[in-house]
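Take a look at the letters that make up each chain.
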Amino acid sequence: MPRTIPVPAWLKRILVPCWNTAHRYGWVAHDYLEAVGHCRFERCVVCGRFRPMLYRRRVIPRRLEELWGLSPRLAEALARKESSDCAHCGAKLRCRRIAQVLLTLFPVGTPPAPARSLAEWVEHPESQALRVAEINRIDGLHNPLGRLPRFTSSDYHPGTTPGAIIGGVRSEDLTRLTYSDASFDLVLTSETLEHVPDLDAALREIRRVLAPGGRHIFTIPVLPQTSKTFPRAVVLPDGSVQDRAPRIAHPGGDWGYPVFTEFGADFPERLRHAGLNVEIFFGPTRDDDLAQVYVCRVPG
Ligand SMILES: [Zn+2]
């Protein structure tokens, strides 16, 4: 048996924070060196700065890979989507792509000097006229979009009254929004729809609050080998949850928010059948790129 030397509690109180800090800085140094080594530099479409984009493979837990059946290539693509953080503003790849779609669909500024970043875009009167609802905070986009005068944001706080303000943030349930009909030009969600127990109700509600011609811009997790959208779990009339497929939660695999819907390649077609105009940006989904952005436009 190896001999262990007892460490006094007072020494642990000093050593543990030192170790944690060193560990954190070690990872930061690793991420920067990796970005330099792979020339991962670009102008960030959110903040407009030219910076390294920090890929962090560790954001995808092994347990999630295992439960979801991700190949190493898919796990890397998912890690790129969920990291590749701008070293200045922290916006991850899926957020930067939503920002790019906003700049493409709502060009502002006069050529040859159109807005090149979300930070510039939010300063223009045309953008400031848009009524925008962010449903569930999207880190990286929330702060710049918060400068729009007609921007509203909400989070989901289970067990609270929809529309109530909890800790300064409006609480909204996507399946029964308290916003008025046709009150937004834009609704944004990112990696949220998969966690909603009643997907059809959520899509109906988003459509209800969008004005004619309004758009829902969103990201969802889709794996290229999943051809058909299916429920992992459903809520029964008595409120209990029934599993229809092995349970998965995000981000940990077996911890985090439970997944109710697993999206497949047929999902855009399902939206088109519901009368929506659907566009997919940065598509199609491939095993080396999972960061697509979906845009649903309400007729009108
Ligand atoms: Zn940035």
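The rules we used
- Residues numbered from 1 in each chain as written.
- Predicted model: local features only at pLDDT ≥ 70, side-chain atom pairs only at ≥ 80, totals over all residues.
- Heavy atoms only, no water.
- Donors = N, O, S within 2.8 Å, 3.2 Å for Na, K, Ca; no water.
- Tetrahedral: all angles 85-135°; square planar, octahedral: opposite > 155°, others 65-115°.
- Helix = DSSP H or I, 4+ residues; strand = E, 2+ residues; numbered from the N terminus.
- Buried < 20%, exposed > 50% of the residue type's maximum accessible area, 1.4 Å probe, protein only.
- Contact = heavy atoms within 4.5 Å.
- Polar contact = N/O pair within 3.5 Å; in protein donor to acceptor, adjacent residues only side chain to side chain.
- Domains from an automatic or database assignment.
- Buried area = accessible area lost by both parts, 1.4 Å probe.
- Salt bridge = Lys/Arg side-chain N within 4 Å of Asp/Glu carboxyl O.
- Pairing = 2+ DSSP bridges.
- Axes fitted to C-alpha atoms, helices over the stretch in contact; angles between N-to-C directions.
- Expected span 1.5 Å × (residues − 1).

So, about the coordination of the zinc ion. Within the protein, the zinc ion binds to Cys-44 (SG), Cys-47 (SG), Cys-86 (SG) and Cys-89 (SG); these donor distances fall in the range 2.3 Å. For the zinc ion, the four donor atoms are set out with angles of 107 to 117 degrees between them, so the coordination reads as tetrahedral. Between consecutive donor residues of the zinc ion, the sequence gaps follow C-x2-C-x38-C-x2-C. Taken together, the residues Cys-44 in the loop between strand E1 (41-43) and strand E2 (50-54) and Cys-89 in the loop between strand E3 (85-86) and helix H4 (93-105) connect sequence positions 45 residues apart. For Cys-44, a relative accessible area of 0% corresponds to the buried category.

Next up on the list: the environment of His-142. Of note, His-142 is situated in helix H7 (residues 142-145). According to the relative accessible area criterion, His-142 is buried, its value standing at 16%. For His-142, the contacting residues outside a window of four places in its chain are Glu-134, Arg-137, Phe-151 and Ser-153. A polar contact is formed between the side chain of His-142 and the side chain of Glu-134, at a distance of 2.7 Å. Looking at His-142, its side chain comes within polar contact range of the side chain of Arg-137, at 3.3 Å.

Before going further, it helps to examine the domain arrangement of the chain. Taken domain by domain, the chain consists of domain 1 (9-86) and domain 2 (108-297). In this structure, domain 1 and domain 2 have C-alpha centres spaced 25 Å apart. Taken together, the 20 residues of domain 1 in the interface contact 28 residues of domain 2. Contact between domain 1 and domain 2 buries roughly 1,800 Å² in total, counting both sides, with carbon and sulfur atoms accounting for 61%. Taken together, the connections running from domain 1 to domain 2 amount to four salt bridges. Asp-287 is the salt-bridge partner of Arg-73, the closest N and O atoms lying 3.2 Å from each other. For the pair domain 1 and domain 2, the interface holds 10 residue pairs in polar contact (both at pLDDT 80 or more).

Position of Ser-154 among the secondary structure elements: in strand E5 (residues 151-155). In contact with Ser-154, other than residues within four places in its own chain, are Glu-134, Ile-135, Asn-136, Arg-137, Val-169, Arg-170, Glu-172 and Tyr-179.

Time to look at the sheet that holds E3. Spatial ordering of the open sheet is given by E1-E2-E3, a layout of three strands whose pairing is antiparallel. Both edges of this open sheet fall to E1 and E3, since each of them pairs with a single strand only. Sheet topology places E2 next to E3; two bridges connect them, and they run antiparallel. What sits directly across from Leu-54, in E3, is Asp-85. Against the sheet, helix H1 (residues 9-37) touches E1 and E2, its axis set at about 110 degrees to E2.

Now for H4. Its 13 residues place the ends of H4 18 Å apart at the C-alpha level, agreeing with the 18 Å of an ideal helix rising 1.5 Å per residue. Burial of H4 is extensive: 11 of the 13 residues sit out of reach of the surface. For H4, the set of buried residues is Leu-93, Arg-94, Cys-95, Arg-96, Arg-97, Ile-98, Ala-99, Val-101, Leu-102, Leu-103 and Leu-105.

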